[in-house]
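Listed below, chain by chain, are the residues.
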Amino acid sequence: MTDALFTANNLWLMICTALVFIMHLGFGFLELGMTRQKNAINIFFKNFFVITMGILVYYLVGFNLMYPGFSDGSPGILDFAGFGLSLPGGESIDYAGGGYTYWTDFLFQAVFAATAATIVSGAVAERVKLEGFMIFSLLYVAIAYPIVGSWQWGGGWLSQLGFHDFAGSTLVHSVGGWAALMFVYFLGPRIGKYQDGRTNAIPGHNLPLAAAGVLILWLGWFGFNGGSVLSAEPNATSLVLVNTCLAASAGAIVAFLVAKISFKSFDLTMLMNGVLGGLVGITAGADQMSVIESIVIGGLSGVIVVYGITLLDTVLKLDDPVGAIAVHLICGIWGTLAVGLFGDLASGSQFIYQAVGVGVIGLFCVITSSIFLLITKYTVGIRAKRDFEIQGLDCTEHAMDAYSDFQTK
Amino acid sequence: MTDALFTANNLWLMICTALVFIMHLGFGFLELGMTRQKNAINIFFKNFFVITMGILVYYLVGFNLMYPGFSDGSPGILDFAGFGLSLPGGESIDYAGGGYTYWTDFLFQAVFAATAATIVSGAVAERVKLEGFMIFSLLYVAIAYPIVGSWQWGGGWLSQLGFHDFAGSTLVHSVGGWAALMFVYFLGPRIGKYQDGRTNAIPGHNLPLAAAGVLILWLGWFGFNGGSVLSAEPNATSLVLVNTCLAASAGAIVAFLVAKISFKSFDLTMLMNGVLGGLVGITAGADQMSVIESIVIGGLSGVIVVYGITLLDTVLKLDDPVGAIAVHLICGIWGTLAVGLFGDLASGSQFIYQAVGVGVIGLFCVITSSIFLLITKYTVGIRAKRDFEIQGLDCTEHAMDAYSDFQTK
Amino acid sequence: MTDALFTANNLWLMICTALVFIMHLGFGFLELGMTRQKNAINIFFKNFFVITMGILVYYLVGFNLMYPGFSDGSPGILDFAGFGLSLPGGESIDYAGGGYTYWTDFLFQAVFAATAATIVSGAVAERVKLEGFMIFSLLYVAIAYPIVGSWQWGGGWLSQLGFHDFAGSTLVHSVGGWAALMFVYFLGPRIGKYQDGRTNAIPGHNLPLAAAGVLILWLGWFGFNGGSVLSAEPNATSLVLVNTCLAASAGAIVAFLVAKISFKSFDLTMLMNGVLGGLVGITAGADQMSVIESIVIGGLSGVIVVYGITLLDTVLKLDDPVGAIAVHLICGIWGTLAVGLFGDLASGSQFIYQAVGVGVIGLFCVITSSIFLLITKYTVGIRAKRDFEIQGLDCTEHAMDAYSDFQTK
Amino acid sequence: MKKIEAIIRESQFLKVRDALKNLGVKHFTYWDVTGVGKEKQPHVYRGVNYESSAINRRFISLVVSEDLLDAAIEALLDSASTNEVGDGKIFVLPVEKSIRIRTKESGPSSL
Amino acid sequence: MKKIEAIIRESQFLKVRDALKNLGVKHFTYWDVTGVGKEKQPHVYRGVNYESSAINRRFISLVVSEDLLDAAIEALLDSASTNEVGDGKIFVLPVEKSIRIRTKESGPSSL
Amino acid sequence: MKKIEAIIRESQFLKVRDALKNLGVKHFTYWDVTGVGKEKQPHVYRGVNYESSAINRRFISLVVSEDLLDAAIEALLDSASTNEVGDGKIFVLPVEKSIRIRTKESGPSSL
Ligand SMILES: Nc1ncnc2c1ncn2[C@@H]1O[C@H](COP(=O)(O)OP(=O)(O)O)[C@@H](O)[C@H]1O
Ligand SMILES: Nc1ncnc2c1ncn2[C@@H]1O[C@H](COP(=O)(O)OP(=O)(O)O)[C@@H](O)[C@H]1O
Ligand SMILES: Nc1ncnc2c1ncn2[C@@H]1O[C@H](COP(=O)(O)OP(=O)(O)O)[C@@H](O)[C@H]1O
């Protein structure tokens, strides 16, 4: 390992960190655009809170809970390397085989952690009580996310089992998605969403910005998946990027065609969700798949996301304004299982490992989410007052309008 | 060539790929902002379609049509290396002299290809029939763009002749621009654009987002031109970036001054087009020019783009809502010819090579566009129904509003 | 130094240049969102002017005024290496110890220079006369900014003294901030801002885009601070990024809590300013601080920025629509002084060097700004006509509406 | 024929719409306005607290025949009220003529 | 003097404007409203199909002198009609006074 | 009771609001409209110069009791005027009934 290679590797990871960071703008735009104007300030407030709190909390406890350095023979379930951060010492080039420095490692992981919480943010939009959301997401990023992470990326029991989750279809997206599901279940739907058994559409107020958000998220995925190679190794990174982009493209095309057939219109929101579904779907196995397998996985994600949204929205009556649960949870599960079905690792036993991972993590997330939600509910509360929700959270919680003085000509 | 240098080179190309990718957001914002609100969903639908379809089609046929590996002695006009992609095998470091991997090559080229189709999208906005646009752009990206590309970047006859087009003033921008021109010609103007010999302005609905789009496009050009060095060679890449930025700046300043003198107002749209004109203008020769020559080329692009838009809009009565033809076609031609007039290659014979390239490619694009347009016109049709156009394509084709519930305070 | 390391280093600086470039979109969105709709075109016009003029002028005189290559024994106050740019010759790898090429150096510095002028743009928004702003910012970027820069980064007297300003808390942010302060002082407040001793809020028209601007600025800071290491040295760069992100996060959380306590609402604008304050605050010492010190500096910036804005806005009655003075000037001063209080350099004498730098530069900026403002005032004028200001600068100076045809559904 | 102008809270709009529907009023027109009145809304912007008396309201314009007038007013009063300051107003204006553009028919049947 | 309130399709607006212009009506005021009526518009959002009876309309407010009234109504009826459900309505209201702010003149000459 | 409809310049709005306030008019409603009239505004878009006769205006709707009418008109005329073409118009319409939704009281006391 030369200095130059170390420098190039680390540089790649830093860039990927920046790209994952800017996903928070993507999430922000997506949520903003798919919700109503009266909650626009609230959306961005939540998003800013999640990214800034997320980084701080991950610094304080998350990183050392996720990468505790399980000792040999440890069951690999729970360990903690102490509060805060400190350079481990010695030549940094040895830290991760020359892939990146300690600091890069931390920051890359920190922006990932914040992502999991942001997923929740979208699903609970327009009715969650701000303080409740803050407390829940703090607990979730501080405790639930890093513990799950330690099982696999921290070298714990799941990684020893043989579970494979390249960049986090399960470890990031499903973990966020499970919390979103539980939170939505505890919260109930927005006022007016379901009436007399009917499902009402509550259209978002700024679809162009939502669309921009999706493109920014896709850009961020260059870093999300590309950085998960954990070095800049040319073949691995570039194949991962190709697989990522092909899966996103296939998801988009399939989703819009399925939507066109099912709903008889060129539905931009479904196309957008197809992109995201494809991205989440390929995330677990982007390093294992051939290009053609990536297209298949992405394309099936496009089908899954369209029907997933409809299922949640109109059958299960779980009100998720941005479709976060379908995209992150359902496609995350699909992508994780797909590693057992396609690609270099595909095998019956691999499929079982994947299913075990999905199941155990799901159970853990459901339980911890429920506990945190109960704590939050019976302290500060989780649902905004009825009046506040009707008037909009911007003027009631923030005393501010998003577009004061906006006039039409 | 060390591993480290290979890694750094490939890494640069991957980043440039990401930057070119995000140009699609730039194009989206630009088109969105310069058209009317009633077509906003349609704009982004087209843009999403182009980038996702573009990547898939370029995977399926485009790449192997553009880089068929002409055999020695081949006339270099048309060849095809088969459907899909497969790693050529052997040490990847040999693939392109250590500049990048096979996968990086594909993805970088794929996002370029989609760009050519996006150029068309802007010019035909607000009246094109969605299905017609989809079929045309599919055919164009699958067939016309890669064949032209093979002539030069694929090692075909133009490159053997001595034609020089560094990053695609002609191969990308003019190729897109010719299709835009022909499509606009076949389509006719938007209803209300020309009345009783008068040219009406149809102002866009969101100029701030259009301006944001231009800055994002400029950012993308760091990758578009910077990546076209095809390695991270420090001097070449950094000179290219300097030339690119100086040309864009000069284009902007000159365009706004020309517009101020001609139209007596500080016209932001012209300044924005000046940036884009400067960028397209320098694209063919960014590797050949000294900084001062880049400023001259960019500045002249600024003049050309202002008068070009006016010429097309009010004299030729070609209705191009975003000015794509003036920016991409006219400045693309200018930039290509400029390689024969300025910079290290400047010479009479070089100018002739450049003119031959411009002319033959122009002819080829006009002919293939016309064929594709005729096919499209007599199958699914190219123009939206009169009613649909008047009501807006969002509610008629997409059954959706871009800004439902947007309220003024 | 190998070629590979040189390539990686230079590549990092080029990417950082692109990131600093895109800060101009961040500034644009921030200013746009925090001002009224009737001046939206004007905002972006100023921003486009600043970045394009800035690059050109920095090419013409700025770079060689800032990096004149003071001869040994020179007092290091003023020198000029001539107009334009030319490759210094010799092996480029020697140019800066393999950190970057001559061209990269120029472009990185050029986008920095434009930043200083953009800071002014926000503070004077909604009432400045366009021509006056153009002339002032041209003079400031051409003369004031590079002279100050030469004292420290150009190897002049301040650097010899021992002043430390890593990435420009003072050299960029305060230099911009002082000009903003003086310009605001000369201009006076917007009509309607202060009435009968009362301070009126003039809410911005698009806070979601303002929030997006802040996230884009933060992204840009990865390059602003990361690039100021002037190589891609893994440990230094990654520590700088960690410090930068932690300071921003701490600034945000502290600012919103302070605002919540003081003003009883979850004030998104203050949270956003907390992010920016934290970023400016850590800029001077991002290379010197431990992570915990960065959090402290960022957190205190969060306090400072909230009270700073209130002080300027309601006590000093300096009308700064975007809070540029509090963010860039006050937090810039704080960050610079903090280098004497925290981190590896902290010492009494260091604190004095820092204070000397802050003081002398402040004086110089105040004087040059005043001179340039007087020149501008008595030639083209600095304040827009009363009528123009009331009607809005878009329709009076630009004859254009930002959102023509925007309709509410 | 009379024209009813009702200035109501946006948040009551759905209730009002349904109340009118139940009454058989199938046609009306509305838009968003700013109301200045007794209700004040606290605002904070960049640390400046202020009370704005300019509140978002919805303006409903509805032309009804004489015989429906009282029922429509009743329905509006019921559905638009929250009993808190700021509930709004109803005004009744005379209308001399009403024409349906499509059929050119005029009079009460055109409503 | 009478006030004409016309609720028309946005897509007919240019024709209406020109028709009024030809008639010599140089002044009027308009804004965008939402109309609830017989016309329905199909919508799809994230897979949920729904019909919205809330349609974009343009509201024209125009005060004319008695003698121009019939011609103005005629012009509106002609230019605003597409003969499909949703063409809108015209209402006529009495106006008691009209004043031009600039000159303070009142009566028909101020229109 | 009378309804005053005033179409004014946006830029005069604050003056108008204060003038009404001084008069004791605490309630009114306004929205933004487009006015077609004598005033023209020069526009340039992508190099095409055009004059638009469609100008942004603010529409004030205000119901007052008979005795306040003249004072209110006076106040509006004063505060809305700039003496340049485009100052706008004031129209007065009869109102038959006024009801405050919250209290259901009607008549002048409800204004
Ligand atoms: N005389 C009036 N003319 C026009 N609009 C009025 C008038 N009185 C009230 N309004 C409208 O009704 C709204 C509600 O009035 P407000 O005084 O806040 O409530 P309340 O009727 O409960 O006292 C006001 O914001 C204003 O838009
Ligand atoms: N009585 C009314 N009061 C107020 N607005 C009305 C009334 N009747 C119709 N409108 C307006 O006219 C529009 C067109 O009416 P609609 O029933 O759709 O068409 P048609 O007149 O062809 O039957 C409605 O959307 C509504 O805005
Ligand atoms: N008869 C009318 N009906 C409706 N609106 C009118 C009428 N006359 C004038 N207006 C409104 O008043 C505005 C100002 O009129 P304009 O002719 O420009 O000014 P001035 O009154 O100074 O001649 C117009 O833009 C229009 O909105």
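See the structure above.
Because the structure is a prediction, the values reported are computed rather than measured. (Residues numbered from 1 in each chain as written. Chains lettered and ligands numbered in written order. Predicted model: local features only at pLDDT ≥ 70, side-chain atom pairs only at ≥ 80, totals over all residues. Heavy atoms only, no water.)

1. So, the interface of chain B and chain C
Stage number 1. With 58 residues of chain B at the contact, the number on the chain C side is 53 residues.
Stage number 2. Inspection of the region where chain B meets chain C yields zero salt bridges.
Stage number 3. Put simply, chain B and chain C have four residue pairs in polar contact (both at pLDDT 80 or more) between them.
Stage number 4. Where the side of chain B that touches chain C is concerned, the elements lending two or more residues are α1 (3-33), α7 (207-226), α8 (234-263), α9 (268-283) and α10 (291-315) of chain B.
Stage number 5. At 14 residues, the largest contribution of residues to the side of chain B that touches chain C is made by α8 of chain B. (Contact = heavy atoms within 4.5 Å. Salt bridge = Lys/Arg side-chain N within 4 Å of Asp/Glu carboxyl O. Polar contact = N/O pair within 3.5 Å; in protein donor to acceptor, adjacent residues only side chain to side chain. Helix = DSSP H or I, 4+ residues; strand = E, 2+ residues; numbered from the N terminus.)

2. Description of the relation of the copies chain B and chain C
Related by rotation about an axis and a shift along that axis, the two copies of the chain form a pair.
Stage number 1. Of the two same-sequence chains, chain B is brought onto chain C (RMSD 0.0 Å, axial shift 0.0 Å) by a rotation of 120°. Each copy turns onto its partner about a three-fold axis. (Least-squares fit on C-alpha atoms with pLDDT ≥ 70 in both.)

3. Here we look at the site of ligand 1
Stage number 1. Around ligand 1, a shell composed of 22 residues is seen, among which Gly86 and Lys89 of chain D together with His27, Thr29 and Arg102 of chain F lie nearest.
Stage number 2. Among the chains of the assembly, those with residues near ligand 1 are chains D and F.
Stage number 3. At 3.5 Å, a backbone N or O of phenylalanine 28 of chain F approaches an oxygen atom of ligand 1.
Stage number 4. Within the complex, 99% of the 570 Å² of free accessible area of ligand 1 lies under protein.
Stage number 5. For the shell around ligand 1, the elements supplying multiple residues, two or more each, are β2 (28-45) and β4 (89-94) of chain D together with β2 (28-45) and β3 (48-64) of chain F.
Stage number 6. For the shell around ligand 1, the element with the highest residue contribution is β2 of chain D, accounting for five residues. (Near = heavy atom within 4 Å. Areas by Shrake-Rupley, 256 points an atom, 1.4 Å probe, with all protein chains shown as cover.)

4. Observations regarding the packing of helix α1 (residues 3-33) of chain C against helix α2 (residues 40-66) of chain C
Residue and element names in this part refer to chain C.
Stage number 1. Between α1 and α2, whose axes approach to 9 Å, the crossing angle comes to 160°. When the axes of α1 and α2 are compared, the pair comes out roughly antiparallel. With respect to the hand of their crossing, α1 and α2 are arranged in right-handed fashion. On the side of α1, the interface is formed by Phe21, His24, Phe27, Gly28, Phe29, Glu31 and Leu32, while α2 contributes Ala40, Ile43, Phe44, Lys46, Asn47 and Ile51. (Axes fitted to C-alpha atoms, helices over the stretch in contact; angles between N-to-C directions. Parallel < 35°, antiparallel > 145°, perpendicular 65-115°, else oblique. Left-handed = near helix turned anticlockwise from the far one by under 90°.)

5. Section: the site of ligand 3
Stage number 1. Among the 22 residues in the neighbourhood of ligand 3, the closest are listed as His27, Thr29 and Arg102 of chain E together with Gly86 and Lys89 of chain F.
Stage number 2. The separation between an oxygen atom of ligand 3 and a polar side-chain atom of histidine 27 of chain E is 2.5 Å.
Stage number 3. Measuring from an oxygen atom of ligand 3, one finds a backbone N or O atom of aspartate 87 of chain F at 3.4 Å.
Stage number 4. Those elements that provide at least two residues to the shell around ligand 3 are β2 (28-45) and β3 (48-64) of chain E together with β2 and β4 (89-94) of chain F.
Stage number 5. When residues in the shell around ligand 3 are grouped by element, the largest group, five residues, is from β2 of chain F.
Stage number 6. Looking at side-chain class alone, the shell around ligand 3 contains eight nonpolar, seven polar and seven charged residues. (Nonpolar A, V, L, I, M, F, W, Y, C, P; charged D, E, K, R; others polar.)

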